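Now for the letters of each chain:
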Amino acid sequence: MSVKKATAVAPANIAFIKYWGRKDDKLRLPANNSLSMNMSGIETTTTVEFGESEQDTVIIDGHLVKGQEQERVISFIDRVRQEVGVTEPVRVQSKNSFPRSAGLASSASGFAALALATTAALHQELTEQELSSLARLGSGSACRSIPDGFVEWVAGDSHESSYAYSLYPPSYWDIVDVIALTDYSPKDVGSTTGHVAAQESPFYQVRLDHVEDHLKLAKRAFAAKDFPALGEVIEKDSLSMHAVMMTSNPHLYYWNGVTLNILKSLQQWRADNLLAYATIDAGPNVHVICQQQDQDEVIRGLKNIDGVKDVMIATPSLGAHLK
Ligand code: DP6
């Protein structure tokens, strides 16, 4: 009998063009394509083992997980178990390299690592595309943590046609994400609910009408390595997503006062020729995107802003891999 155990590592990713709103909630088919960068050092390591425990067990950062969180993990694994025809209980042990309380997305790195570890433990050989589609079922953005470096998620219109692929390897561009942490408390409304609420915003369709242009501009900026052009469209796209969030039902305010102060500081820095641009996910932390040559100045500037509790740095990284 062969051992059914594997360990995988996957990075979190920061979206430059965002995913907010879906055309199919069950399959997590997004309303639009999105673009992201995998983040070095912000990762999840997951071991999956079948047949070695009495019942399905999920342990995250040393804590036995129960309720909805466990259900989300187990129903993801059930899909794979059913496909392979395995019924043995599973034991999942997962560890994040960053504090969960830091408010950095763990669902993307978590489900990407889980998809790879589960299929490897069951000796399934999936292509990168198939693995990306599978990870998407756990959390949409997880599909972008499978391929390397800078990634595009093709929205598609079916399970198989909605997946992410690598646009450029991590070494293509020395872009840095300097993350300003402004709050450690968990968010009130998770993104799974937020994606549904978004559709009630009068600006939802407006955003979708613009997002194609954002994608085009971002891809053009990548091809030309035009950093200001990339930065401008990154910030614009994030703001358009937050306009939708703030006007959805319920209104979702993910920012705090410090978030806004950072955005205003960045405007001033750019006027002083420091090229740094913001992107913000479903939380109050600000990802400040800059080039490596400006990293130290950006870190210094952010640390000087009242209310910035800590600063983390991520550079482009590989996608999910086995350990
Ligand atoms: C704001 O991938 O977390 O970070 O599919 O419901 O798990 P689910 O949502 P999730 O949404 C990410 C939203 C975002 C933008 C982005 O990463 O594109």
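As the structure is a computational prediction, the values presented were derived from the model and not from experiment.

1. Digging into the packing of aromatic side chains
Inference 1: One pass over the structure, following the stated rule, counts eleven aromatic pairs.
Inference 2: Centre to centre, the rings of Y19 and W153 are 4.7 Å apart; their planes meet at 70°, and the pair counts as edge-to-face. Here W153 lies in strand 8 (residues 150-154) and Y19 lies in the loop between strand 1 (5-17) and strand 2 (22-24), a separation of 134 residues in the sequence.
Inference 3: Of the residues examined, Y19 reaches a relative accessible area of 9% and is grouped as buried.
Inference 4: Assessed through its relative accessible area of 0%, W153 is described here as buried.
Inference 5: When the centroid spacing of 5.4 Å and the interplanar angle of 75° are considered together, the rings of W173 and F222 count as edge-to-face. Of this pair, W173 sits in the loop between strand 9 (163-168) and strand 10 (175-181) while F222 sits in helix 5 (residues 204-224), and the two are 49 residues apart along the sequence.
Inference 6: W173 gets classed as buried once you look at its relative accessible area, which sits at 5%.
Inference 7: Taking the relative accessible area as the measure of exposure, F222 reaches 1% and is therefore buried.
Inference 8: Following the ring pairs from residue to residue traces out a cluster consisting of F16, F150, Y168, Y172, W173, F222, F227 and Y277.

2. A short note on the side chain of S201
Inference 1: Along the chain, S201 falls in the loop between helix 4 (191-197) and helix 5.
Inference 2: For S201, the side chain forms a polar contact with the main-chain nitrogen of F203, separated by 2.9 Å.
Inference 3: Only 2.8 Å separates the side chain of S201 from the side chain of T247, close enough to count as a polar contact.
Inference 4: In this structure, S201 is in contact with V244, T247 and S248, ignoring residues within four places of it in sequence.

3. Section: the sheet that holds strand 13 (residues 310-314)
Inference 1: Spatially, 11-12-10-13 is the arrangement adopted by the four strands of the open sheet, whose pairing is antiparallel. Looking at strand neighbours, the two that pair on one side only are strand 11 (276-279) and strand 13, the edges of this open sheet. Adjacent strand axes in the sheet meet at a mean angle of 25° when their direction is disregarded.
Inference 2: The pairing of strand 11 with strand 12 (residues 286-291) spans four bridges and is antiparallel. Residue A278 lies in a different strand from strand 12, and its bridge partner there is V288.
Inference 3: Along the sheet, helix 6 (residues 227-246) contacts strand 10, strand 11 and strand 12; its crossing angle with strand 11, the most-contacted strand, is approximately 25°.

4. Description of the nonpolar core
Inference 1: With 41 residues, the main nonpolar core has F16, W20, I42, F150 and I175 as its most contacted residues.
Inference 2: What W20 contacts, discounting residues up to four positions off in sequence, is S191, G194, H195, A198, Y204, M241, V244, M245, L252, Y254 and A282.
Inference 3: Residues A8, V90, L116 and A320 belong to the second largest nonpolar core, which totals 33 residues.

5. Some words on the packing of helix 1 (residues 67-84) against helix 3 (residues 128-138)
Inference 1: At a minimum axis distance of 9 Å, the contact between helix 1 and helix 3 shows a crossing angle of 145°. The handedness of the crossing between helix 1 and helix 3 comes out as right-handed. Contacts between helix 1 and helix 3 involve R72, F76, R79 and V80 from the first element and L134, A135, L137 and G138 from the second.
Inference 2: Looking at the contact of helix 1 with helix 3 residue by residue, the class counts come to five nonpolar, one polar and two charged.

Basis of the calculations
Residues numbered from 1 in each chain as written. Predicted model: local features only at pLDDT ≥ 70, side-chain atom pairs only at ≥ 80, totals over all residues. Heavy atoms only, no water. Phe/Tyr/Trp six-rings, centres within 6.5 Å; stacked < 30°, edge-to-face > 60°. Helix = DSSP H or I, 4+ residues; strand = E, 2+ residues; numbered from the N terminus. Buried < 20%, exposed > 50% of the residue type's maximum accessible area, 1.4 Å probe, protein only. Polar contact = N/O pair within 3.5 Å; in protein donor to acceptor, adjacent residues only side chain to side chain. Contact = heavy atoms within 4.5 Å. Pairing = 2+ DSSP bridges. Axes fitted to C-alpha atoms, helices over the stretch in contact; angles between N-to-C directions. Core = buried A, V, L, I, M, F, W, Y, C linked by side-chain atoms within 4.5 Å. Left-handed = near helix turned anticlockwise from the far one by under 90°. Nonpolar A, V, L, I, M, F, W, Y, C, P; charged D, E, K, R; others polar.

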